[in-house]
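Here's the letter readout for the chains.
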Amino acid sequence: MPSSQVNRPAARLERMMPATPQEEHLISAEMVEDEWFVTVRHPMAKRHYITALALVTADRLLLTKLYPEQEAQARFKRCGKGTIYALCSEHGLFTLPVP
């Protein structure tokens, strides 16, 4: 192990608190058969885009990584009541509860 990595403290992650979605970050979830079809009307430019969509339930985390210039959408199997999260590269975390 290189000496530059010895005794280095681990980096701390800052806690992100979800914000109430505004017009640019509105999350839409539509049930299609047994899946949630999730979309966010948001620019997907190289420096400002939705980086990930996730569905979090009591016992599961389903995550879809997104990339610039692709559609801000994902499909998640319905697996109980939970919350959909959208992470914007500039404005942080936004949520939508789903039944």
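Because the structure is a prediction, the values reported are computed rather than measured. (Residues numbered from 1 in each chain as written. Predicted model: local features only at pLDDT ≥ 70, side-chain atom pairs only at ≥ 80, totals over all residues. Heavy atoms only, no water.)

A. Structural context of the packing of aromatic side chains. Within this structure, the stated rule accounts for zero aromatic pairs. If you follow Lys 65 out to its NZ or CZ, it ends over the ring of Tyr 67, 4.9 Å from the centre. (Phe/Tyr/Trp six-rings, centres within 6.5 Å; stacked < 30°, edge-to-face > 60°. Lys NZ or Arg CZ within 6 Å of the ring centre and 35° of its normal.)

B. A look at the nonpolar core. Of all hydrophobic cores here, the largest spans 18 residues; its most connected members are Ile 27, Val 38, Val 40, Ile 50 and Leu 53. Residue assignment for this core shows that the elements contributing at least two residues are strand E2 (35-40), strand E3 (50-57), strand E5 (73-77), strand E6 (82-88) and strand E7 (92-98). Ile 27 has contacts with Val 38, Thr 39, Val 40, Ile 84, Ala 86, Phe 94, Thr 95 and Leu 96, leaving out every residue within four places of it along the chain. (Core = buried A, V, L, I, M, F, W, Y, C linked by side-chain atoms within 4.5 Å. Buried < 20%, exposed > 50% of the residue type's maximum accessible area, 1.4 Å probe, protein only. Helix = DSSP H or I, 4+ residues; strand = E, 2+ residues; numbered from the N terminus. Contact = heavy atoms within 4.5 Å.)

C. Representation of the sheet that holds E7 within the structure. Taken together, the four strands give an open sheet; going across it, the order is E4-E3-E6-E7, and neighbouring strands pair in antiparallel fashion. Bordering the open sheet on either side are strand E4 (61-65) and E7, each of which pairs with just one other strand. Pairs of neighbouring strands in the sheet enclose a mean axial angle of 15°, with direction left out of account. Across seven bridges, the pairing between E6 and E7 is antiparallel. When the bridges of E7 are listed, Cys 88 appears paired with Gly 92. (Pairing = 2+ DSSP bridges. Axes fitted to C-alpha atoms, helices over the stretch in contact; angles between N-to-C directions.)

D. Seen up close, the sheet that holds E5. Ordered in space as E1-E2-E5, the three strands form an open sheet in which the pairing is antiparallel. Only two strands of the sheet have a single neighbouring strand rather than two, namely strand E1 (27-32) and E5. In this sheet, neighbouring strand axes are inclined to one another by 25° on average, regardless of whether the strands run parallel or antiparallel. As paired strands, E1 and E2 are joined by six bridges and run antiparallel to one another. Within E2, the residue paired with Glu 30 across the bridge is Phe 37.

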